[in-house]
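Residue strings, one per chain:
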Amino acid sequence: MARLADYFVVVGYDLDKRGGSDGQGRILQRFPEKDWEDNPFPQGIELFCQPSGWQLVPERLPPSYFVAVLTDINSERHYCACFTFWEEVDSTQKSLHSEVDEDDDSGSAQPEQLFAPRSLVLVSRLDHSEVFRNCLGLIYTVHIDGVNVPLETLIGNLLTCLIPIAGGSQEEESVRTITLGAGDRQVIQTPISDSLPVSSCSVAVLFRQLGIINVLYLFCAALTEHKILFLSSSYQRLSDACRALLAIMFPLKYSFTYVPILPGKLLEVLSTPTPFIIGVNSFFRSETQELLDVVIADLDGGTVTIPECVHISLLPDPLLHQTQTALSMVLDPELEVADHAFPPASTQPSTLKIQPIPVLQDKEIRAVFLLLFAHLFRGYRWCLHIIRIHPEPVIRFHKAAFLGKRALSEDDFLMKVLDGMAFAGFVSERGPPYRPIDLFDELVGNEVERIRLEEGDNHKMMNHVKELAEQLFKNENPYPAVAMHKVQRPKESSHLQSRHTSFPHLDEVTVQLFIDHAAAKQKTAPPIVKAEMKRMVPSGPPLGDAVDRNGSVLANSARRLEVVRNCITYIFENKMLEAKKLMPAVLRALKGRAARLCLTQELNLHVLQNRAVLDDQQFDYVVRMMNCTLQDCSHMDEHGIAAALLPLVTAFCRKLGAGITQFAYSCVQEHMVWTNMQFWEAMFYSDVQNHIRALYLEDQKQDGSEEHGALEIASEQRRLWPTLSKDKQQELVQKEESTVFSQAIHYANRMSYLLLPLDTSKNRLLRGSALGDVESVSNSYVTNSIAGSMAESYDTESGFEDAESSDVANSVVRFINRFVDKVCNESGVTNEHLKALHAMIPDIVQMHIETLDAVHRESKRLPPIQKPKLLRPTLLLGEELMMEGMRVHLMPDGREETSGALGGPPLLPAEGAIFLTTYRLIFKGTPIDPLVGEQVVTRSFPVASLIKEKKISVNLPMDQFIQEGLQLRSSTFQLMKIAFDEEVASDLAELFRKHMHKLRYPQHVHGTFAFTVGQSAKMAVEQKGKDKNPSLNSWQMNESLHGLRLGHSLGRMGSSTATLSKNLVKSAKKTIGRQYVTRKKYTPPTWEQRSSLQSEMDEDEISVSEEVDQTSLTLSSTIKSSDRQTMSSVVERACCRDYQRLGLGTLSNSLTRSKNEPFRISTVNRMYTVCRSYPGLLIVPQSIPDSTIQRISRCYRQSRFPVVCWRSSRTKAVLLRSGGLHGKGVVGFFKSPNAPSAGSSQADSTSLEQEKYLQAVVSSMPSYSDTGARNTLSGFTSAHMSSSDSTDKLRQPKIGALMKQVMGSREDVPGTFSRGGQRARVASLSQPRASENDQDSPRGKWGSIRGTGRLSTYNADVGNRLSGKESPQANGGPSETHFLRPQRAYLYIIGDKSQLKGAKQDSFQQWEVVPIEVFDVRQVKASFKKLMKACMPSSVVVDPDTTFYRCLQESEWMCLLHKVLQVSVLVVELLDSGSSIMVSLEDGWDITTQVVSLVQLLSDPYYRTFDGFRLLVEKEWLSFGHRFSHRGAQTLASQNSGFTPVFLQFLDCVHQIHLQFPMEFEFSQYYLKFLAYHYVSNRFRTFLLDSDYERIELGVMYEEKGEKKSQQVKSVWDYIDRLNKKTPIFFNFMFAPEDGEVLKPYSYISNLKVWDFYTEETLSEGPSYDWELVQGKQEQTEEGDRPDTAAPTSQRRIVWPCYDRRSKVVPDAITKLLQELQGLEMELGQVSEKWKDTWDKIKATQRSESKLESRGSLSSSLLMSSNLSHHRRTQGVYLKDSMVGSAINLSLDSEGSSSSAPTGGMSGRPSTSTLYSQFQSTESENRSFEGILYKKGALLKPWKQRWFVLDKTKHQLRYYETRQDKECKGVIDLAEVESVVPGTPTIGAPKNIDEKAFFDLKTTKRVYNFCAQDSGNAQLWMDNVQSCLSDA
C-alpha cells in the first residue's frame, strides 16, 4: 500500500517581500510539518504554484488547476497538484501595500480592489491527476460554500489515505474507494502493471495538436537525445504533452532533465548543455528565440521548429513508413472508406462502446509505438552478455553484434538510440533473466513472428494494434464499470461572490493527530506481502543473419565458399601451386560475409590444442587471407569476424629459429578494429559469459539436463539464490569473480599481442587512430571514434630511457589499463584484484616487447616469400638515385590495355619499386598476376615533367592491407598510380614526396638535371639560387664601366647597364669584336651614297657604319685569346645563319652590297636593353635608324617591336613578328592624320614613326617599287602575275575563300567595291568555337583550302585599312570601278581582335589589319589538362559520357590545333601571293611563335630538313624568347603559373602536317616525339630559361672550351646528331621533296589525328627517348637469349600492344634490311659502313635505274620516283614510319665527318643539301651556273679538277667527278660562306694559269681555294657566288 498524498501545502502571496514588479509566494502552512523518512519535502514549491510569477490582479479569476512535476536528487518524480484561487487583499494589507507603492506612482489612482492568488498543493509520488483535482476541489468547495465539515478532517483523511500499489496480486485490491468525510466517494483504480505508463487521453491530444509527422520528429529527437521545448498558454496542456511523449517512448525511460512546467524565474535552465524535455508558458516565447539547438513544439499553433544546426535522425525507412501508415489509420479510421459509395456504419468494439473516443485512440497510438519498439529491438536478448549472476546479475549489451545481425550497422537512428542513456537504462532494467514481465517482454518474446507476417498487411496489423490497445486500456482501468465518482462541486459562480472569507489558518495539532493515529494503526496491522510474479523472461527467436540490404545473396554463393574451403585445404596439404592459383579468387570471395565466416570456421578445424605450426609459405597465405578478411570488416566488427579470428591469430605460428616463434598476430595488426575499445569489451564479455555458463553447467552435468543458454542458466540460478545458504552464496560469488579476473589477465595478454607492433620502434598502431584517452569513455556505450592522442608526455612520466619504445609501451599499457578498469568495475571485481591487475599489466607488456624484439630480428632475416626481388633500373650517365627504391604496387589506371580488359595479359597491377633519381621517377617491377609470366614492367617519366600529384588510398585485391598511395601525372603522358607496400613507413613516403617536390621545382634553374648532372645528388636538392641578382663586386663594376667607356661602339647603354652581369658585357664585346675579325681580309669601303636618313642615325649601327673608330679597333685587339674562340658565337647563332641564307643581311658587308639592300642586321638590342626577350641581332628595314626602333618598341607589349624573320625567295614578301600593341599605342597608331591631336606631340610622333616603319617594310618589296615606277594599278597586277606561273593564277582568288573561312564573314556583295573615298568595312575574324552546340552548324567556315574552287572575288577591304596615303591611282584619275581583281594590300597585320577594338581610319593605306580571335594560354592550359585526363584516365571509364572520344572533344585540343593551322595556312597563302605579313598577337611569344614557325615550315622546304628544323626552333622559339621555363613551370618561382604546353602544341601541328605530307620531311615522326619528350625532361639545357638574355646571364649560351669535350651532351641537337649517325631512327625513308613546294595542309578537325605520342605506352622498357637506356637493354636481352638456342624455338613472337615497342619488334622493311646488312658485314668481319652512306648509295643506283626505264611507267620503287603528281604523293605508297629501330650499335666516338667530302651543317653529319640532291630526277632545273674548277684538297692533298654546279635554289655549291657523274662528291652550303675574295696560287697549283684566275671561298669552317681556267671565268664565278650570297 502507498500513501495517496505525502504533503498538503497552502501557499500564499507574500505581501511583506513585495518589491519591484514581481511578487513572491510563501508557504503559509504545510502538513505534516516534519518530513517523512522515505520522502523528504521537495524544495521550491512556491515557484511552481505560479510559474509565470506571483502578481496581484484587479479582478477575481476563476480557480485553476494543473499538475507540475518536480524531480529530486534521486531522480524520483514528485507530482505537485496545484489548485489556485484568488482572494481579496484586506484593507490593512492594502494600506501597507499603498505605502510601498507611494514613491512609484503616487499620482495614479489606487484601484478599488486587489486580489492575491492562493494555492492549495498536494505533493504525491503517484500520478492520479483526476483524484487530486477532486480532492482539492472538495476542500475548496467546503471552504467556499461553508459546508459544515472541518477542513482539518478533510486534510487529515487525505494525508492518511492508503491505496494499493500498482501491479498488486489481488485484483480486487487494485480498486479502492476513498472518502474524505464530506459525503464524497471516489474510486481509485491502480494500474495492473507497474511498468506500463498511464496516459489517459494525453497521447491522442498531443497527436491532435501537432499531427503525425511533427510528433514523430519529436519522438525521434527525444530518443536521439536532443533538447525539446513545449510552448503553450495552458499549463495542464504542457504537462499532458510531456506525459504523452514519455508514454510513447515506452519501454525506454527518459533519464534527462524533465520539467513539464518551468517557472519563468528558472528560464536559464534552457541553456543547459544536456538534453531535456521542458514545457514553458507561451508568455515567455520571446526568451526562447535565441536558443539555437532546441527543437521547439508550439502546442497551440501546432508547429514544430527544428533549428538548422540540429539534424534529427529519423526511423529507418520501411519502419518509418509503416508507422506513419498505422498512425494515420488509427487517427483517421474513416480515411480508408472515405471514397466508398456506401461507407460502413461506425465500427467500435463492443466492450469499449462506453468509452469516449480519445481514450481509446490514445491506447491505439501507444499500441502502434509498442509494435514499433518490438520491431526495433527484436532479438535484443540474444545480444545480452551476462557477466555476473551472483550477488546481482550484471548484464551488458553487444551493440555491434545486434546491428550486424539486423544489417543495420549503417543506420544512424538505431546507432544513436543504442548509444543513448535510455537504452542503457533499458538494458539494466530488462536485462536480468528472472524478473516480472510485462506486455513488451511478451511482444518481443512471443510475437516476433506475428509482427513479421503482418508487415505488409494493414488489416492484420490494425487487429493486432486493437488487441494491444485493449490490454493497455485494461491496465489503466481494470474495472471500467466501477468508475463512479461522487464529489461535491462549488455552486455556480460562487467564486465570484463579492465577500469571501479568506482561507482559514488550519489547526496543525488536529491534522497531526489524524496522521499519528493512522501511523499507529498501520504498525499493528499485519504486513501486506506483495507476491512478486517473477519468472524467466522469454528471449524470442534468435536473430538469423539478415541478408544485406542489397540482397547480396550472390556474394555468399556456395561456389565461393567452396573456393575458400578448397584453398585452405590446399594450403594445409602443402599444395602451394594450387593454392596460389586460387588465391585471387579467394581474396575476391572474402568480400562477402559468409565467406569470411567460412574462413574462420575452416581455419578453426586446423588448430590442435590452441596451436598450429606452419611453414613459411603456409603462414604467409594464411596471414594474407586473415588480412583480407579483416580489411573488409568495419572497426565495429558487427559480424563478429574479428572476434572469431582473435583466437586464431594467437594459434597460427611459424618457427623462425631456435626457440623463436612468430605468431600470426604480428602480421595482422594494421586494422582499426584492434584499437576499438568497444570491440575488446564485447569480446571480453562474451568470453566471460561462456566461462560463467561453463561454471554452472559443471554443477548441472550430474543432473544430466540438456544444454542451456547463459540467460536460461542465469534465470535458474536467480530463482535458486534465495534458497541457498550464506556460505554457498559466498562461494559462488568468489568463483564468479575469479573467473572474471582470470579472463582480465588473459585479455591483457591478448591486447598486448595485437597492439604492440612487431617493430616496437615504430608506433604503427597509434598512427592510424590514436588509442583513446580515459576521458572519452563516458559510459559503457563508448563513442565510435576513440579520440585523443596517446604519446603526449609519456616519456617525462615513465622511467624508460628509450623514449621511442616507451612511447609504444606506455600507450599500450594505458589502453589496457583503461580497458581493465572499465570491465572490472562493471563486473564487480574487488579493488584488491584490480590493483593486482594494474601491477601486472606493465610487466606483461614489457615481456611481450622483449619476445617481439627477438621475433623482429629473426623475421628480418627471413627471405621474403611472395615479394619479388626489387629490380634496379639502369641509369643514365650522371643520373643518380636520390632515394633507394621503395616497394610499391603499380595499380592499373583507366587505360584498359594494361589491365587485360581488352584481352591480353593483365600486366598491372605490378609489384616492384619506385626509384627517384635526379632525372626521373622510375617504377620497375613484375605483374602480380602469376599467370602473366616473368615480364618486367617499367614505367618512368622525368621528374621535371610531373604536373599533378595527389594522395590516394588504395586497397589491393591481392595483397595485404595497404594504407596509402600516390597518383602522379606527367606532361609526357604518363600516369603512375602507386600504392606503398606495408613495409614502407609513412614518414618514408612523405620524405619521398618532399624530395620529389624539391627536384620538380628547384629554387633556380641551376637546380635542374641539365645543370646538376654528374654532381652529387645531395647537391641537386640543396642547390639554392644564390646568384639570382648578384650584387656588383668591384671587378664587375670595372667591367661595366669599361663597357661604358666603349663609347659609341657599344651604343648608349642606359641605367640598366649597371645591373648587367659580366657575361652580358662579354657577349656584347664578342659581337663587336667579331665584326672586325671577319673583315680583316679586305678594307671596308665607305658608302658614299648613304640615304638621307644618315643624320638621324646613331653611330652605333655597326652593321651599316663602316667608319671604324679607334676605340673599337683597340677593343678587338685587346680581347683575350680564349674569347676569340667563342667570338663567332653570336654570329653563329641560328638567327644569323638563317638571315644570311635568306639574304636578309650579313654582318660583314660584302663588296657588292649596295644601298638598294632593303634590310640590315641591327645590333640595337645587343645589350638586350631594348627588348629583353629578343635576340641580340635583329633584321630591320635599312632606312630605319636605331633610335626610332627604341621609340617604337615602347608601343608594343614586352617591347617586342616588329622584326623580319623570313623572306620568300620567290615573291620577296617578308614575314614579321611582334608583340601585340599596347592600349595607348593602338590609339596613337590609328589616329587619323586630319583629326586634331588630343594627345601630346610625343605620342603623335611615335605613331608617325610606327607608320614610317611599316612603310619601310612595304617599300622593301620589289612589287611595291615596280608599282611605284609605273604608277598604274594594272602595272602592279601584271608585275605580280608575270612573276608567277599558271598555278599562281589559280592560286590567287583562293585567298578570298580562305580569308572568308578564317574571318567567318558573309558573302561579299559584288559591285560595292570602289577604291577611293569609300570607307572600308571592318572585317572581324571570329572563329567558330567547336563546342557541343556547334556540332550541327554548317561546315562552310571550316572549308577546305584547296576545295574551294569558286573564283570568289577577294575584297581588299576585308581588313581594316590603316590611316595614311591614298593608294597610287592611274595618273591620279578617278577610281576604276569596273576593274575586276581589286588591289591587294602589301602588308597584312594579323592582330588580336580584342586589341584592335575602336580602330578607325579615314583613308586607305598599303597595309591592312586582319583582326582574328585567338585563344589565350589559359585555354591551352585548361585544354591540356582535359586532354591528359582523356588520354590517361585515372580509373576505368564506366560512364558513357566520359569515353575517350567524348573527353577528347570536351578538351577542345583539336579545335586549338585547328585554329593555329588555319591561321598559319592563311598566312602562307598571303605570303605566297606576294603580300607581306606581320603577326602581332598576344605578347608575341606564344601563339605568334607557333604561327610564324608553322608558316616558315610550310613555305620553305629547308625547314623540313634536320638542320632547317633545328634552325627554326633555335631562331623562333629560343632566340625570340618563348618562355620555356615559365610555361613549363620549371622552377619554384613559376610553380603557380602551371604547365602550359605551347611548344607541344606546335609539335602536334607539325605532326599533323607530317601525316598529310609524308614525303616532304627529312625527319620522322619519332623525331617530333623525341623533342616533345625532351623539351619537358630537363635532360638537356636547350629548352631551359626564357630568353637568350637569361641564357647569357647564366653563361649557358656559349659553353666553355673544355665543356665541349665532356661526355655529357648539353644540347638536344648534338645528341640527335650523334644518334642519327648511329641509327636511322630519326630519318624518314620516304623523304622525296618536291622543289620549292609550299605545303597547304587541311585543317578541319576531321583531318586531324590524335597524336600517338599521347596514347602509346611501352611497359617493357619505359619511354624510348633516352636512347642509351633502351640500347643497353637491347644488348642485355640479346646476350641473355643466346644460351637457349639449342632448344627448338618458334620464330613467332607475341607482340603486346602496350608492352612492346612495335617499331623495334616489328621494324619497317628498310630498317630491317639495313640491320641485316650490318649483321652480315659483321659476320664477314668487314668494317660496317654507316647506314647513311649505304642508304645514299642505294638511292643513287635507284635513280639511275629509274632513268633507264621508260618515263611513262612507274619505276619499281614508287618511293624513289619523285615525279608523281602531288595528289598521288600524299596518297601514295605509305611505308611504315620508322620510329625507333635499328640495332646498329656504333660507338659514340665515331665523330669524324663522313668520308664523302667536307660538308655543310654544324656537325660532321652530311648536310641536308646532299639529301635534297639525292631525290632530284633531273638535276638541270637546279643548275644556275656550272663549269670546271680546280679545287685544292684538304691539308697535303693535291689540286683536283672537278665539275662544279652552283645551285641558287638550294643555295649550294655542289661538285662532281665529271659532268656526266650523277653522284655528288661534296657540297658547300652557301649559308656558311662569309666571303669570296681573289686568291693567290699555292703550292701544287695547276701551272700556266693566270694569277687572277685564283679565288678563295671562306666559310665559317674553313677556306676553300679554287682555280678557274682564266681570270674572266674566275670573275664570273665570283660574281655569281656573290649574287647568290646577297640576294639569296
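Structure: above.
These figures come from a predicted structure and were not determined experimentally. (Residues numbered from 1 in each chain as written. Predicted model: local features only at pLDDT ≥ 70, side-chain atom pairs only at ≥ 80, totals over all residues. Heavy atoms only, no water.)

(A) Inspection of the overall build of the protein chain at higher detail. Within the protein chain, the regular secondary structure consists of 62 helices and 43 strands. For the protein chain, buried positions account for 56% of its 1928 residues. Sequence-distant contacts in the protein chain: of pairs separated by 6 or more residues, those separated by 24 or more amount to 74%. (Helix = DSSP H or I, 4+ residues; strand = E, 2+ residues; numbered from the N terminus. Buried < 20%, exposed > 50% of the residue type's maximum accessible area, 1.4 Å probe, protein only. Contact = heavy atoms within 4.5 Å.)

(B) Spotlight on the sheet that holds strand 43 (residues 1903–1907). Strand order in the open sheet made by the seven strands is 40-39-38-37-43-42-41, with antiparallel pairing throughout. Each edge of the open sheet carries a strand with a single partner, namely strand 40 (1866–1869) and strand 41 (1873–1878). Neighbour-to-neighbour, the strand axes of the sheet open up by a mean angle of 35 degrees, direction not taken into account. (Pairing = 2+ DSSP bridges. Axes fitted to C-alpha atoms, helices over the stretch in contact; angles between N-to-C directions.)

(C) Here's a closer look at empty space enclosed by the protein. Quantified by volume, the largest cavity comes out at close to 160 Å³. Around the largest cavity, the lining comprises 13 residues; the ones closest to its centre are Gln322, Leu371, Leu372, Ile451 and Met461. A class-by-class count of the residues in the lining of the largest cavity yields eight nonpolar, three polar and two charged. (1 Å grid on protein atoms, 1.4 Å probe; cavity = no way out; pocket = protein on both sides within 12 Å on 5 of 7 lines; lining within 4 Å. Points joined across faces, edges and corners; volume = space filled by probe spheres on them. Nonpolar A, V, L, I, M, F, W, Y, C, P; charged D, E, K, R; others polar.)

(D) Representation of the environment of Ser1199. Relative to the helices and strands, Ser1199 is located in the loop between helix 39 (1186–1193) and strand 31 (1203–1207). Assessed through its relative accessible area of 22%, Ser1199 is described here as partly exposed. Ignoring anything within four residues of it in the chain, the contact list for Ser1199 reads Val1170, Cys1171 and Ser1193.

(E) Structural detail: the nonpolar core. One finds Phe8, Phe230 and Phe377 to be the most contacted residues of the largest nonpolar core, which totals 254 residues. Among the elements that make up this core, the one with the highest residue count is helix 22 (residues 677–701) (eleven residues). (Core = buried A, V, L, I, M, F, W, Y, C linked by side-chain atoms within 4.5 Å.)

(F) Inspection of unusual backbone geometry at higher detail. Each neighbour pair has its own omega, and for Phe31 with Pro32 the value is -20 degrees, a cis peptide bond. Tracing the chain through its elements places Pro32 in the loop between strand 3 (25–31) and helix 1 (45–49). In the segment running from His390 into Pro391, the intervening peptide bond is cis, with an omega of -5 degrees. Relative to the elements of secondary structure, Pro391 occurs in the loop between strand 15 (384–388) and strand 16 (394–397). The phi torsion at Lys1212 lies on the positive side, around 65 degrees, for a residue other than glycine.

(G) Helix 28 (residues 831–861), seen in detail. Taking 1.5 Å of rise per residue, the 31 residues of helix 28 would be expected to cover 45 Å, and the 46 Å separating its terminal C-alpha atoms lies within 8% of that figure. Within helix 28, the axis deviates most sharply at Met840, by approximately 25 degrees, and proline Pro842 lies no more than four positions further along. (Expected span 1.5 Å × (residues − 1). Bend = angle between axes of the 7 residues up to and from the residue.)

(H) How the structure looks around the sheet that holds strand 25 (residues 937–942). Here we have seven strands laid out as an open sheet, ordered 25-24-23-22-28-27-26, and antiparallel in their pairing. One side of each edge strand has no neighbouring strand; the edge strands of this open sheet are strand 25 and strand 26 (946–952). With strand direction ignored, the average angle separating the axes of adjacent strands in the sheet is 30 degrees. Pairing of strand 22 (residues 881–891) with strand 28 (residues 974–980), which is carried by four bridges, proceeds in the antiparallel orientation. If you follow Val888 over to strand 28, its bridge partner there is Phe980.

(I) How the structure looks around the packing of helix 19 (residues 593–605) against helix 20 (residues 616–631). Where helix 19 contacts helix 20, the axes come no closer than 10 Å and their chain directions differ by 145 degrees. As helix 19 runs across helix 20, the sense of the crossing is left-handed. When helix 19 is examined against helix 20, the residues Arg596, Leu599 and Leu603 are found in contact with a partner set consisting of Val622, Met625, Met626 and Thr629. In terms of residue class, the contact of helix 19 with helix 20 is made up of five nonpolar, one polar and one charged. (Left-handed = near helix turned anticlockwise from the far one by under 90°.)

(J) Molecular detail of the pattern of salt bridges. Counted according to the given criterion, the structure contains 77 salt bridges. Between Glu990 and Lys951 there is a salt bridge, and its shortest N-O distance comes to 3.3 Å. Of this pair, Glu990 sits in helix 30 (residues 986–1000) while Lys951 sits in strand 26, and the two are 39 residues apart along the sequence. Residue class for Glu990 comes out partly exposed when judged on its relative accessible area of 27%. Notably, a salt bridge pairs Arg1210 with Asp1472, separated by 2.7 Å at the nearest N-O pair. Pair noted here: Arg1210 is in the loop between strand 31 and strand 32 (1214–1218) and Asp1472 is in helix 47 (residues 1453–1472), with a separation of 262 residues, a long-range link. Note on Arg1210: relative accessible area 39%, which makes it partly exposed. (Salt bridge = Lys/Arg side-chain N within 4 Å of Asp/Glu carboxyl O.)

(K) Local environment of the packing of aromatic side chains. This structure, assessed with the given rule, holds 86 aromatic pairs. Between the aromatic rings of Phe1509 and Phe1546, the centroid separation amounts to 6.1 Å while the plane-to-plane angle is 5 degrees, which identifies the pairing as stacked. With Phe1509 in helix 49 (residues 1506–1519) and Phe1546 in helix 51 (residues 1542–1556), this pair connects stretches of sequence that are 37 residues apart. For the pair Phe1509 and Phe1546, a shared accessibility class is recorded, and that class is buried. Taken together, a centroid distance of 6.2 Å and an interplanar angle of 80 degrees make the contact between Tyr1575 and Phe1583 edge-to-face. Phe1583 carries the same exposure label as Tyr1575, and that label is buried. Sitting over the face of the ring of Trp36, Arg3 holds its NZ or CZ atom 3.9 Å from the ring centroid. In this structure, Arg750 packs its charged tip against the face of Tyr747, placed 5.2 Å from the ring centre. (Phe/Tyr/Trp six-rings, centres within 6.5 Å; stacked < 30°, edge-to-face > 60°. Lys NZ or Arg CZ within 6 Å of the ring centre and 35° of its normal.)

(L) Spotlight on the pairing of strand 6 (residues 115–124). For strand 6, the tally of buried residues reaches ten of ten residues, placing the bulk of the element in the interior. Looking at chain direction, strand 2 (residues 7–13) and strand 6 are connected through six bridges and run antiparallel. Looking at the pairing, Val10 lines up with Leu120 of strand 6. Both strand 5 (residues 77–88) and strand 6 contribute to a ladder of ten bridges, which runs antiparallel. From the neighbouring strand, Phe85 faces strand 6, where its bridge partner is Arg118.

(M) Expanded view of a positive patch on the surface. Where like charges cluster on the molecular surface, the positive patch consists of Lys948, Lys950, Lys1425 and Lys1429. Mapped by element, the contributors of at least two residues to the positive patch are strand 26 and helix 45 (1417–1431). Within the secondary structure, Lys950 sits in strand 26. (Patch = residues over 30% accessible without salt bridge, like charges linked within 9 Å, V, L, I, M, F, W, Y side chains within 5 Å. Areas by Shrake-Rupley, 256 points an atom, 1.4 Å probe, with all protein chains shown as cover. Lys, Arg positive; Asp, Glu negative; His and termini not counted. Charge placed at Lys NZ, Arg CZ, Asp CG, Glu CD.)

(N) Spatial organisation of the pairing of strand 10 (residues 227–232). Most of strand 10 sits out of view: six of its six residues are buried. Of the two faces of strand 10, both are covered, the one formed by Lys227, Leu229 and Leu231 as well as the one formed by Ile228, Phe230 and Ser232. Alignment of strand 10 against strand 13 (residues 294–298), held across five bridges, turns out to be parallel. Bridging across to strand 13, Leu231 finds its partner in Asp298. Strand direction decides the pairing type here: strand 10 and strand 12 (residues 276–281), joined by five bridges, are parallel. Bridged to Ile228 within strand 12 is Ile277.

(O) Just the packing of helix 9 (residues 357–376) against helix 13 (residues 439–446), in detail. Direction vectors running N to C along helix 9 and helix 13 enclose 45 degrees, while the axes themselves pass 9 Å from each other. Relative to helix 13, helix 9 is oriented oblique. The two elements helix 9 and helix 13 meet at a crossing, and its hand is right-handed. In this structure, helix 9 uses Leu370, Leu371, Phe373 and Ala374 to contact helix 13, whose residues at the interface are Leu439, Phe440, Leu443 and Val444. Per-class residue counts for the contact of helix 9 with helix 13 are eight nonpolar, no polar and no charged. (Parallel < 35°, antiparallel > 145°, perpendicular 65-115°, else oblique.)

(P) View of helix 47. Its 20 residues place the ends of helix 47 29 Å apart at the C-alpha level, agreeing with the 28 Å of an ideal helix rising 1.5 Å per residue. For helix 47, the tally of buried residues reaches 20 of 20 residues, placing the bulk of the element in the interior. Following helix 47 by one or two positions, Gly1474 has its phi on the positive side, about 100 degrees.

(Q) Quick peek at the side chain of Gln729. Within the secondary structure layout, Gln729 lies in helix 24 (residues 726–755). For Gln729, a relative accessible area of 13% puts it in the buried group. In terms of polar contacts, Gln729 uses its side chain to reach the backbone carbonyl oxygen of Trp721, at 3.0 Å. If near-sequence neighbours (up to four positions away) are discounted, Gln729 is found in contact with Trp721 and Leu724. (Polar contact = N/O pair within 3.5 Å; in protein donor to acceptor, adjacent residues only side chain to side chain.)

Shape descriptors only; they carry no functional weight alone.
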